[in-house]
Amino acid sequence: METRYIFITGGVVSSLGKGIISSSLARLLLSRGFKVTIQKFDPYLNIDPGTLNPYEHGECYVTADGHEADLDLGHYERFTDIRTSRANSITTGRIYQAVIDKERRGDYLGKTVQIIPHITDEIKRNIVFLGETGDFDFVITEIGGTVGDIESTPFLEAVRQLKWELGRRAVSLHLTYVPYLKAAKELKTKPTQHSVKQLQSIGIQPDILVLRTEKTIPESMKEKVARFCNVAPQAVIQSIDASSIYHVPALMHEQHLDDLVLDITGTEHRNKPDHTAWNAFVRRLEEARSKVRIGLVGKYVELQDAYKSINESLIQAATYCDRVLELVDIHAEKINDSNAGELLSGLDGVIIAPGFGKRGIAGKLAAIKWCRENDMPTFGICLGMQCMVIEFARNVLGLTDADSTEMTPETPDNVIDLMESQKNVTEKGGTMRLGAYECRLAEGSRVREAYGADIVRERHRHRYEFNGKYRTRFEEAGLKCVGENPDTGLVEVVEMPSLSWYVGTQYHPEYQSTVLNPNPLFISFIKAAVKHSGSNNAIK
Ligand code: GLN
């Protein structure tokens, strides 16, 4: 069938969950046997979010092909198991760069290069390109930001043009907010009406309105919105706060969002949706009655989105172990040798978070020392793994000044060192070791048992690595290098077989954990945590 295009925009305020609505719609269409992809446009000038710190934009997600991407791509993958790529996360910066490169090459020779048509054409090219691969029945395009932002104007103009050109093959879904005024005890639709008017003034008539709300929106109110906004009453849908984002596909399906999209685009309702596996997950999520308490040691724990993929991987793994995840944030700058026991002893497992730079390192090392000495199930990811190596060098091997050259360039024992391939790198953007690489797992290791495979492919984002010069000393003292890159020998995984679960990975397993295919290492970690907790974790 000819590709259909679904454009998702947001109004009133940001953070309404466009990514979750896009992912849920993709999930529903996939469950009906359609081939779907989702892409996100971010209206900022950075080429990609790799150079943004988590305070600005939450976690930086990494695709298998090594693109540093918006965190919504993580939701897309977790909901759909679609493998996204560079083509799925595009910024204003990328669009401008492509146009300016073309201008310098002479592609527009003789012409004045302008936002319309050159920038908008480049945006359209990036949307239609996905459809032209012939791989997809539906391309869902999420436009970041909020209608009315100066930054998103060229994207919306491109959507307006495409809607006109594609006719019925294009759908516009607009997500807005219906606030509840406590004092008046009323839901208010005025901001939605204004937001739709703004969209209409750009020339886009939405086909579907999704209203984000904390309270059930009465039918009469939906009808009122429909009337004011030129939208069919059945195409006004509510997105009510849910206890888990994983409920949203079912909430959308109950209101026939997938049917609506098929009807509007003139697509045959060819299959009954099959949600068996998804619903089985959601049921376990609902029915779990015991908790598992996991501490997350990081320097960005106060930011909800900074470790998004880790949080979601833990929720998925806990659910598959029939546990409710209780995530305990431990700020890396607030933990030290004297309070580590107090902060960590009530937990069932500890994650040492990834990161960059010196801030919070001392706290991570204190947490690791306590965990190692007290046999706490511990999972170090990327910088977390590097810190496990540094701690072991200092406190077990007696190399008291051992460090990563990232923190102390002049360290006498550079147990973590800059990768050879990074030594001549001067630019910061997109230059780390990025994306999926193979890792060979040692026979008899805990990680090999967890994966049930000897070769795995996981994703990376780092410049530093375990210094192979020290490998024998570590292994003799009990920290084993049990995963390595088959081509380069780079150490990917360390573990201490003498402890119940003590594993560090140079790669980021959290980027490849999805609802239907949770990452085996997270499952194995949660199992160890459950075992550690004994039976005293029932929820009262
Ligand atoms: N800063 C470390 C490095 O560059 C770890 C990176 C990370 O945790 N993603 O190697």
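See the structure shown above.
Keep in mind that what you see is a predicted model, and the values were worked out from it rather than measured.

S.K.: For the site of the ligand, give the residues involved together with the corresponding values.
M.R.: The environment of the ligand is made up of Pro-354, Gly-355, Phe-356, Cys-382, Leu-383, Gln-386, Glu-406, Arg-461, His-462, Arg-463, Tyr-464 and His-508. A distance of 2.7 Å separates a nitrogen atom of the ligand from a polar atom in the side chain of Glu-406. A distance of 3.0 Å is found between an oxygen atom of the ligand and a backbone nitrogen or oxygen belonging to Arg-463. Coverage of the ligand by the protein amounts to 99% of the 300 Å² it exposes when considered alone. Breaking the shell around the ligand down by element, the ones donating at least two residues are α15 (383-395) and β19 (455-462). Considering only residue class, the shell around the ligand consists of 5 nonpolar, 4 polar and 3 charged.

S.K.: So what about the sheet that holds strand β16 (residues 403-404)? Which residues, and what values?
M.R.: If you trace the 3 strands from one edge of the open sheet to the other, you get β16-β17-β20, paired in mixed fashion. Lying at the two open borders of the sheet, with one neighbouring strand each, are β16 and β20 (464-466). Where strand β17 (residues 414-418) meets β20, 3 bridges bridge the pair, whose relative direction is antiparallel. Directly across from Asp-417, in β20, lies its bridge partner Glu-465. Relative to β17, α15 is tilted by about 150 degrees, and along the sheet it contacts β16, β17 and β20.

S.K.: Residue-level account of helix α6 (residues 153-166), with values.
M.R.: A rise of 1.5 Å per residue sets the reference length of α6, with its 14 residues, at 20 Å; its end C-alpha atoms lie 20 Å apart and thus fit the reference within 8%. Burial runs high along α6: 10 of the 14 residues are buried. Just beyond α6, the residue with positive phi is Gly-167, at close to 60 degrees.

S.K.: Pulling in residues and values, what's your account of the packing of aromatic side chains?
M.R.: Going through the model one piece at a time under the given rule, you end up with 16 aromatic pairs. Measuring from ring centre to ring centre gives 5.1 Å for Tyr-61 and Tyr-511, while their planes differ by 75 degrees; the resulting arrangement is edge-to-face. Separated by 450 residues along the polypeptide, Tyr-61 in strand β3 (residues 61-62) and Tyr-511 in the loop between β23 (502-505) and α18 (520-533) bring together distant segments of the chain. Aromatic pair Phe-79 and Trp-278: ring centres 5.4 Å apart, planes at 40 degrees, arrangement tilted. Of this pair, Phe-79 sits in helix α3 (residues 72-80) while Trp-278 is found in helix α11 (residues 276-287), placing the two residues 199 residues apart along the sequence. Each member of the pair Phe-79 and Trp-278 is classed as buried.

S.K.: Which residues make up unusual backbone geometry, and what are the values?
M.R.: Note the cis peptide between Ile-116 and Pro-117, where omega equals 15 degrees. Within the fold, Pro-117 resides in helix α5 (residues 115-132). Positive phi, close to 65 degrees, is recorded for Ser-15, a residue that is not glycine. As for its position among the elements, Ser-15 is in the loop between β1 (4-10) and α1 (18-31). Of note in this structure, Asp-81 is not a glycine but carries a positive phi near 65 degrees. By the element assignment, Asp-81 lies in the loop between α3 and β5 (89-91). Residue classification places Asp-81 among the partly exposed positions, given a relative accessible area of 25%.

How each quantity is defined
- Residues numbered from 1 in each chain as written.
- Predicted model: local features only at pLDDT ≥ 70, side-chain atom pairs only at ≥ 80, totals over all residues.
- Heavy atoms only, no water.
- Near = heavy atom within 4 Å.
- Polar contact = N/O pair within 3.5 Å; in protein donor to acceptor, adjacent residues only side chain to side chain.
- Areas by Shrake-Rupley, 256 points an atom, 1.4 Å probe, with all protein chains shown as cover.
- Helix = DSSP H or I, 4+ residues; strand = E, 2+ residues; numbered from the N terminus.
- Nonpolar A, V, L, I, M, F, W, Y, C, P; charged D, E, K, R; others polar.
- Pairing = 2+ DSSP bridges.
- Contact = heavy atoms within 4.5 Å.
- Axes fitted to C-alpha atoms, helices over the stretch in contact; angles between N-to-C directions.
- Expected span 1.5 Å × (residues − 1).
- Buried < 20%, exposed > 50% of the residue type's maximum accessible area, 1.4 Å probe, protein only.
- Phe/Tyr/Trp six-rings, centres within 6.5 Å; stacked < 30°, edge-to-face > 60°.

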